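Residue-level structural notes
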Amino acid sequence: MTNFNLPYNQKIDPNKKTLYKNALIIDPATKYKQKGNLLTIGDKIADFGTNISSDDAETIDCNGHVLCPGLIDIQVHFRDPGQTHKEDLVSGSKSAVVGGITTVVCQPNTSPTIDNIDTINYITNKAKKEAYCNILPYACITKDMKGLELTDFKALKNAGAVGLTDDGLPVMNAHIMRRAFEESKELNLVVAQHAEDLNLSNKGCINEGLASKKLNVRGIPNISESVIVERDLAILEKTGGRYHLLHVSTKEGLDAIKRAKDKGLNATVEVCPHHFMLNDEQVLKSGTNAKMNPPLRSESDRLYLIEGLRSGLIDAISTDHAPHDLASKDKDISDAAFGIVGVETMLPLSLSLYHQGILSLLDLLAKMTCNAANIINFDGGIIKKGARADLTLIDLNSDWNIDPNKFYSKSNNSPFAGFKVKGRAIRTIVAGKTIWHI
């Protein structure tokens, strides 16, 4: 049995007290890990620890499960405005909270694109009225994502943009990218890049490798990613600013980020579960539901990404949640749309890294909470007195099978159908209110 409460942002009684007792409280930002209780008053965390109690609070028994900051997904496509038959802010956020996610960052390749204040206002106003979780927007680097003219960064930031990207399209013009770093630096806005040299990709549809040869389709080589990353970092070194590599998929791209970090450059990187869980042979099993951009790469790339997570080189885990209707996927693989859904599977798939002993729980959760928040300068992802009461309760040992037909998203394009996973969110709290629970 599941329960939803909507909308989350209806004003909570500022004096409303809720005591979450018998929890394993984990705060990755401070490396706090302790069994105890946590008290919220209104939409804030009032206190937490081993001896916290309240006689007049609603009490929720966490039964020893993990209580951590609400998960943050810094790359989703909720298709609103423009393609709401695939997803919208309501269905997307509903799907997110089922996955334990309390905050998402929407990408700007909507229709119209998020290159203007009106579109940001549409998203933020609709989210305030109807969404199940916090929804923040990235804004476009260039007008209409055409790569020719910068948007008004200052106006977009003032309207609520938490970063800049033309995600879905790379900024191919190096001069434009340089100006983007220079102008964003003054505003302390991160520039997030979908790294792909379109000339090298040459309209490929999956990774250039054994699968592309078997299917006799055009492949996308690793170098199409790394060339752009190397170029961007060379510019960053001259200009300063903040650079974030979206959905890294290759050894070469990750190595470039390592060299940049070793130089002290402000560069961060995220990875998606599908890139560290699957290789390009999955396309032979799942067809177009395993087609995304960047594509699933070789097994050696996959293992290298896992090592990047283990070593701490990779800062964050995101989903690149990209819902598509059946008509967009039910095509030849060369013509089908890129992208898969991911917000309901991010946590259980990522927990495999913990269950396999690759990452500690603290390190894993950091990549979906405080690290993600730091990239976008968001004041969430932490448990402390006075912090926002966005929380996720996790059952680490729940065994279940992924069934895309049961997703709360409008779309079910996922290569993980039938996968056995261990662990899931069982309660999602946003602004002090339980929005969803099992």
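Let me sum up the structure you'll find in this document. Source: prediction; values computed, not measured.

Overall, the coordinates contain five aromatic pairs when judged by the stated rule. Connected via pairs of aromatic rings, a cluster forms that spans Phe4, Tyr132 and Tyr408. Directly above the aromatic system of tyrosine 304 lies the positively charged group of lysine 251, at a separation of 4.9 Å from the ring centroid. If you follow arginine 424 out to its NZ or CZ, it ends over the ring of tryptophan 400, 4.0 Å from the centre.

A probe as big as a water molecule, rolled over the atoms, marks out the empty space that is left. One pass over the structure, following the stated rule, counts one cavity of 30 Å³ or more. In this structure, the largest cavity encloses a volume near 40 Å³. Lining the largest cavity are Pro273, His274, Thr319, Ile340, Val341, Gly342, Thr345, Met346, Leu349 and Phe416. Put simply, the parts of the chain that give the lining of the largest cavity at least two residues each are helix H9 (273–277) and helix H13 (346–355).

The buried fraction of strand S15 (residues 267–271) is high, at five of five residues. Where burial is concerned, the two faces of S15 agree: the one with Ala267, Val269 and Val271 and the one with Thr268 and Glu270 are both buried. Both strand S14 (residues 243–245) and S15 contribute to a ladder of three bridges, which runs parallel. Bridged to leucine 245 within S15 is valine 269. Each parallel crossover has a hand, and the one from S14 via helix H8 (residues 251–262) to S15 is right-handed.

This brings us to the pattern of salt bridges. In this structure the tally under the stated criterion is 19 salt bridges. The partner of arginine 231 in a salt bridge is aspartate 232, and the shortest N-O contact between them spans 2.7 Å. Residue arginine 231 shares its accessibility class with aspartate 232, and that shared class is buried. A salt bridge links lysine 258 to aspartate 262; its shortest N-O distance comes to 3.1 Å. Here lysine 258 and its partner aspartate 262 are both found in helix H8, four residues apart, which amounts to about one turn of the helix. Given the relative accessible area of 38%, lysine 258 is considered partly exposed. A single salt-bridge network, built from bridges that share partners, covers Asp379, Arg388 and Asp390.

Here we take up the nonpolar core. With 80 residues, the main nonpolar core has Val66, Ile135, Leu233, Tyr243, Ile257 and Leu365 as its most contacted residues. Discounting chain neighbours no more than four positions away, the residues touching isoleucine 135 are Phe78, Leu89, Ser93, Val104, Cys106, Ile123 and Ala127. Counting 18 residues, the second largest nonpolar core, distinct from the first, contains Ile206, Ala211, Leu278 and Val341.

Parameters and conventions
- Residues numbered from 1 in each chain as written.
- Predicted model: local features only at pLDDT ≥ 70, side-chain atom pairs only at ≥ 80, totals over all residues.
- Heavy atoms only, no water.
- Phe/Tyr/Trp six-rings, centres within 6.5 Å; stacked < 30°, edge-to-face > 60°.
- Lys NZ or Arg CZ within 6 Å of the ring centre and 35° of its normal.
- 1 Å grid on protein atoms, 1.4 Å probe; cavity = no way out; pocket = protein on both sides within 12 Å on 5 of 7 lines; lining within 4 Å.
- Points joined across faces, edges and corners; volume = space filled by probe spheres on them.
- Helix = DSSP H or I, 4+ residues; strand = E, 2+ residues; numbered from the N terminus.
- Buried < 20%, exposed > 50% of the residue type's maximum accessible area, 1.4 Å probe, protein only.
- Pairing = 2+ DSSP bridges.
- Right-handed = clockwise from strand over helix to strand, strands pointing away.
- Salt bridge = Lys/Arg side-chain N within 4 Å of Asp/Glu carboxyl O.
- Core = buried A, V, L, I, M, F, W, Y, C linked by side-chain atoms within 4.5 Å.
- Contact = heavy atoms within 4.5 Å.

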